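Now for the letters of each chain:
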Amino acid sequence: MVATIDLIAAARPNFMKVAPLCKALAAEGQWCRPRLVHTGQHYDANMSDAFFRDLGLPDPDIHLGVGSGTHAEQTAGVMVAYEKVCREQRPDWVVVVGDVNSTLACTLAATKLCIPVAHLEAGLRSRDRTMPEEINRLATDALADLLWTPSPDADENLRAEGVPADRIERVGNIMIDSLEMMRPAIEDRRHFEALGLPAGHYGVMTLHRPSNVDDSTRLAALCEVIDGVTQRLPMVFPVHPRTRQRLESFGLWERLAGLPGLRLIEPAGYVDFMSLVFASQFVLTDSGGVQEETTYLRIPCLTLRESTERPITVTEGTNRLIKSESVLAQVDAILSGDWIAGRIPDRWDGKTAGRVVASLRERLGA
Ligand code: UD1
Ligand code: UDP
């Protein structure tokens, strides 16, 4: 019997998690058939298609076309659409990744139909329930049958929540598989040259968390900070669609666009973005995935958040959680060479997809 394994991809940070697994499962051939399901949570060409192209992902087998909405609208939309898929073309297993609304929605739809679900990147906790992702993580991990974790802190979180040991498997960090899979293309791209940025002497920034961008006072204060940073070194800022909308509606876009040291660009494709990060001096972000990529690359990372669900990037890596008031002092520290070297966490080695495939093979008795 050939098992159909649904791989759920929905939003930008999902595509790089699904790509190495899709490739590894397709190479197995005999016992499984990966079926790529795109929920449509992200849909702009530069938030979705660009990643399929860059990462060599095949076109989705199924596209749910759900799009944007409130949390309930989006989660419910994905549940209704994916339940229909599961009833009409039932998969044998469902693999969800990360912590976006579609992750939880597909988990709920599948588990209620008694279809086994595996969660890749399980166990991460920020302990901040004002983050929508934290709700998604808690609920997904409570329901999923198999929890693939990236780090020991994730195992501990799950154990503390009473999850039995036989549901937890530490497979490592799949983001590193994508990075290593794409490394030759990333190293060739040198996107900083196209943008006129001096190699090794610029910073990269990303911002999209509602806590940073949805409040006009907070976002205005961050624009002042960005002004200060760009007086120290040039910065490139690929702007997430949520952030662009907020900057425009709060009347802050022109303020940023007028800064001579800032390159405001459209959201970048994976290879362009990683090539910018590779040659950067530091990164200023509130992204989850970027904290991990910088730790792996040993590039200083300033995270504009109160908490992180990826504490290993702070305890072992090059990441620091900072308040907006301390950004300039931290940038000065980085520019004067005063930063921790960090080390790469265990099982962040580019071999996670292989461990995931082995785990699935065992569960399916293949
Ligand atoms: C979502 C995830 C977040 C993740 C982020 C990665 C949830 C709750 N949030 O946040 O965890 O870190 O993706 O980027 O699942 N929009 C577009 N084009 C698009 C997609 C979105 O214009 O292709 C705009 C829409 O106006 C939308 C807004 O961005 O309302 C927010 O999109 P949404 O997917 O709801 O949340 P993100 O902020 O992208
Ligand atoms: N990323 C990208 N282009 C960008 C910004 C980010 O390719 O303009 C990549 C980044 O390298 C990382 C992933 O997108 O692999 C993280 O996505 P995002 O920050 O949107 O989501 P989060 O990880 O915070 O959920």
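Residues numbered from 1 in each chain as written. Chains lettered and ligands numbered in written order. Predicted model: local features only at pLDDT ≥ 70, side-chain atom pairs only at ≥ 80, totals over all residues. Heavy atoms only, no water.

Caption draft 1: Fine view of the site of ligand 2. Taken together, the neighbourhood of ligand 2 is formed by 19 residues, with Ala268, Ser287, Gly288, Gly289 and Glu293 sitting nearest. Side-chain polar atom of Ser287 to an oxygen atom of ligand 2: 2.7 Å apart, as the coordinates give it. If ligand 2 stood free it would expose 530 Å²; the protein chains cover 97% of that surface. When residues of the shell around ligand 2 are traced back to their parent elements, those giving at least two are helix H1 (12–28), helix H13 (270–278) and helix H14 (288–297). Considering every element that reaches the shell around ligand 2, the biggest residue donor is H14, with four residues. Looking at the shell around ligand 2, its residues break down into 11 nonpolar, five polar and three charged. (Near = heavy atom within 4 Å. Polar contact = N/O pair within 3.5 Å; in protein donor to acceptor, adjacent residues only side chain to side chain. Areas by Shrake-Rupley, 256 points an atom, 1.4 Å probe, with all protein chains shown as cover. Helix = DSSP H or I, 4+ residues; strand = E, 2+ residues; numbered from the N terminus. Nonpolar A, V, L, I, M, F, W, Y, C, P; charged D, E, K, R; others polar.)

Caption draft 2: Expanded view of the site of ligand 1. Around ligand 1 there are 19 residues in total, and His42, Glu133, His208, Arg209 and Arg242 lie nearest to it. A distance of 2.9 Å separates an oxygen atom of ligand 1 from a polar atom in the backbone of Tyr43. In isolation ligand 1 offers 750 Å² of accessible surface; the protein chains occlude 89% of this area. For the shell around ligand 1, the element with the highest residue contribution is helix H11 (residues 241–249), accounting for three residues. In terms of residue class, the shell around ligand 1 is built from five nonpolar, nine polar and five charged.

Caption draft 3: Just the side chain of Ser287, in detail. In this fold, Ser287 is placed in the loop between strand E11 (282–285) and H14. Every residue in contact with Ser287, bar those within four places of it in the chain, is listed here: Thr206, His208, Arg209 and Arg305. (Contact = heavy atoms within 4.5 Å.)

Caption draft 4: How the structure looks around the sheet that holds strand E5 (residues 117–120). The sheet built from seven strands is open, its strands ordered E3-E2-E1-E4-E5-E6-E7 with parallel pairing. With partners counted over all chains shown, the strands left at the sheet margins are strand E3 (62–63) and strand E7 (168–170), one partner each. As defined by bridge partners, strand E4 (residues 93–97) adjoins E5 across four bridges and the pair is classed as parallel. Looking at the pairing, Val97 lines up with Leu120 of E5. Where H1 meets the sheet, it contacts strand E1 (3–9), strand E2 (32–38), E4 and E5, and its direction lies at approximately 165° from that of E1. (Pairing = 2+ DSSP bridges. Axes fitted to C-alpha atoms, helices over the stretch in contact; angles between N-to-C directions.)

Caption draft 5: Layout of the environment of Phe15. Looking at the secondary structure, you find Phe15 in helix H1. By relative accessible area, which is 0% here, Phe15 ends up buried. A C-alpha to C-alpha distance of 9.7 Å links Phe15 and Met47, two positions 32 residues apart in sequence. (Buried < 20%, exposed > 50% of the residue type's maximum accessible area, 1.4 Å probe, protein only.)

Caption draft 6: Region of interest: the sheet that holds E11. Pairing within the open sheet is parallel, and its six strands lie in the order E10-E9-E8-E11-E12-E13. Here the strands that pair on one side only, and so sit at the sheet edges, are strand E10 (262–265) and strand E13 (319–321). Adjacent strand axes in the sheet meet at a mean angle of 20°, parallel and antiparallel pairs treated alike. In the packing of H13 onto the sheet, contacts are made with strand E8 (203–205), strand E9 (235–238), E10 and E11, and the angle to E8 comes to roughly 140°.

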